[in-house]
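Each chain, written out:
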Amino acid sequence: MERTFLMIKPDGVGRNLIGPIVSRIENKGLKIVGAKLMTVSEDLAKTHYGEHSERPFFGELVDFITSGPVFAMVLEGENVVEIGRTLVGKTNPAESAPGTIRGDYGMTVGKNIIHGSDSVASAEKEIALWFKEDEIIDYSLVNAAWVY
Ligand SMILES: Nc1ncnc2c1ncn2[C@@H]1O[C@H](COP(=O)(O)OP(=O)(O)OP(=O)(O)O)[C@@H](O)[C@H]1O
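Residues numbered from 1 in each chain as written. Predicted model: local features only at pLDDT ≥ 70, side-chain atom pairs only at ≥ 80, totals over all residues. Heavy atoms only, no water.

(A) A look at a nonpolar patch on the surface. On the surface, Met 1, Val 147 and Tyr 148 cluster together into a nonpolar patch covering about 320 Å² of accessible area. Within the secondary structure layout, Tyr 148 lies in the segment after helix 7 (120-130). Residue Tyr 148 is classed as partly exposed on the basis of its relative accessible area of 45%. (Patch = residues over 30% accessible without salt bridge, like charges linked within 9 Å, V, L, I, M, F, W, Y side chains within 5 Å. Areas by Shrake-Rupley, 256 points an atom, 1.4 Å probe, with all protein chains shown as cover. Salt bridge = Lys/Arg side-chain N within 4 Å of Asp/Glu carboxyl O. Helix = DSSP H or I, 4+ residues; strand = E, 2+ residues; numbered from the N terminus. Buried < 20%, exposed > 50% of the residue type's maximum accessible area, 1.4 Å probe, protein only.)

Okay, here's the thing in structure tokens:
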């Protein structure tokens with residue numbers, strides 16, 4: 001089954017949004033197979049956002065993501081990468097529709113609450129970067145038959 005990586009950023013954790021965001025994920029029918037509250041090292045931040053290393057906001061982005069705890073998750077489900085991105089919304093909360101996480105909770109691109117993998121390939125890379133194999137749990141949800 002497909003997996004994706006979502007991470008509630010320090011602004012989302014600091015604004016007590018872990019509960020409301022996790023509720024949306026569970027209500028949608030996605031399965032959480034990994035979850036942890038953690039601090040992000042500078043190395044991890046730089047590797048995760050490596051593709052932006054030449055952008056003018058890179059330093060700010062690394063400072064922000066290492067400024068407080070994040071809540072990292074691995075989610076599983078059919079087509080979960082695309083569904084995860086839809087739940088998250090567009091990068092800029094101003095363009096993100098109401099009903100999406102960024103559309104409902106965010107105001108600026110620099111503090112946009114949550115990250116979600118943008119492709120199956122990045123999801124695989126990000127899961128391997130953020131989670132050890134034994135932190136991901138394989139189990140069945142009895143209500144899966146009502147989702148699929
Ligand atoms: N112009 C900007 N100014 C400040 N921060 C920015 C800007 N553009 C992007 N960012 C930050 O860099 C992150 C990565 O940008 P990217 O274009 O990969 O968007 P994304 O894939 O929607 O975001 P994320 O990777 O966090 O899910 C954004 O989520 C945002 O926090």
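(B) Focus on the UniProt feature "active site" (unreviewed entry) in the chain. Here the UniProt-annotated "active site" (unreviewed entry) positions come out as His 115. Mapped onto the fold, His 115 is located in strand 4 (residues 114-116). Excluding its chain neighbours within four sequence positions, the residues that come into contact with His 115 are Phe 5, Leu 6, Met 7, Lys 9, His 48, Tyr 49, Arg 102 and Glu 126. (UniProt positions renumbered as here; feature names shortened; annotations may be inferred. Contact = heavy atoms within 4.5 Å.)

(C) Representation of the environment of Glu 2 in the model. Counting through the fold element by element, Glu 2 comes out in the segment before strand 1 (3-8). Taking relative accessible area as the criterion, Glu 2 reaches 25% and is therefore assigned partly exposed. It is 7.8 Å that separates the C-alpha atoms of Glu 2 and Val 120, two residues lying 118 residues apart in sequence. Discounting chain neighbours no more than four positions away, the residues touching Glu 2 are Leu 75, Glu 76, Gly 77, Asn 79, Val 80, Val 81, Glu 82 and Val 120.

(D) Spatial organisation of the site of the ligand. Inspection of the region around the ligand gives Lys 9, Tyr 49, His 52, Phe 57, Leu 61, Arg 85, Thr 91, Arg 102, Val 109, Asn 112, His 115 and Gly 116 as its neighbouring residues. At 2.9 Å, a side-chain N or O of Asn 112 approaches an oxygen atom of the ligand. A distance of 3.4 Å is found between an oxygen atom of the ligand and a backbone nitrogen or oxygen belonging to Gly 116. Coverage of the ligand by the protein chains reaches 79% of its 580 Å² of free accessible surface. (Near = heavy atom within 4 Å. Polar contact = N/O pair within 3.5 Å; in protein donor to acceptor, adjacent residues only side chain to side chain.)

(E) Spotlight on the UniProt feature "binding site: ATP" (unreviewed entry) in the chain. According to UniProt, the feature "binding site: ATP" (unreviewed entry) maps to Lys 9, Phe 57, Arg 85, Thr 91, Arg 102 and Asn 112 in the numbering used here. Put simply, the named residues that line the largest pocket are Lys 9, Phe 57, Arg 85, Thr 91, Arg 102 and Asn 112. With respect to the helices and strands, the residue Phe 57 is situated in the loop between helix 3 (42-48) and helix 4 (58-65). Residue Phe 57 is classed as partly exposed on the basis of its relative accessible area of 32%. Position of Arg 85 relative to the elements: it lies in helix 5 (residues 80-88). Residue classification places Arg 85 among the partly exposed positions, given a relative accessible area of 30%. (1 Å grid on protein atoms, 1.4 Å probe; cavity = no way out; pocket = protein on both sides within 12 Å on 5 of 7 lines; lining within 4 Å.)

(F) The arrangement of the sheet that holds strand 2 (residues 31-38) in detail. One open sheet holds the 4 strands; their spatial order is 2-3-1-4, and the pairing between them is antiparallel. Pairing within the sheet leaves two strands with one partner each, and these edge strands are strand 2 and strand 4. Here the average twist between neighbouring strands, direction ignored, is 15°. One ladder, built from 3 bridges, connects strand 1 with strand 4; its direction is antiparallel. When the bridges of strand 4 are listed, Leu 6 appears paired with Gly 116. Against the sheet, helix 2 (residues 18-28) contacts strand 1, strand 2, strand 3 (70-76) and strand 4, and its axis sits at roughly 5° relative to strand 3. (Pairing = 2+ DSSP bridges. Axes fitted to C-alpha atoms, helices over the stretch in contact; angles between N-to-C directions.)

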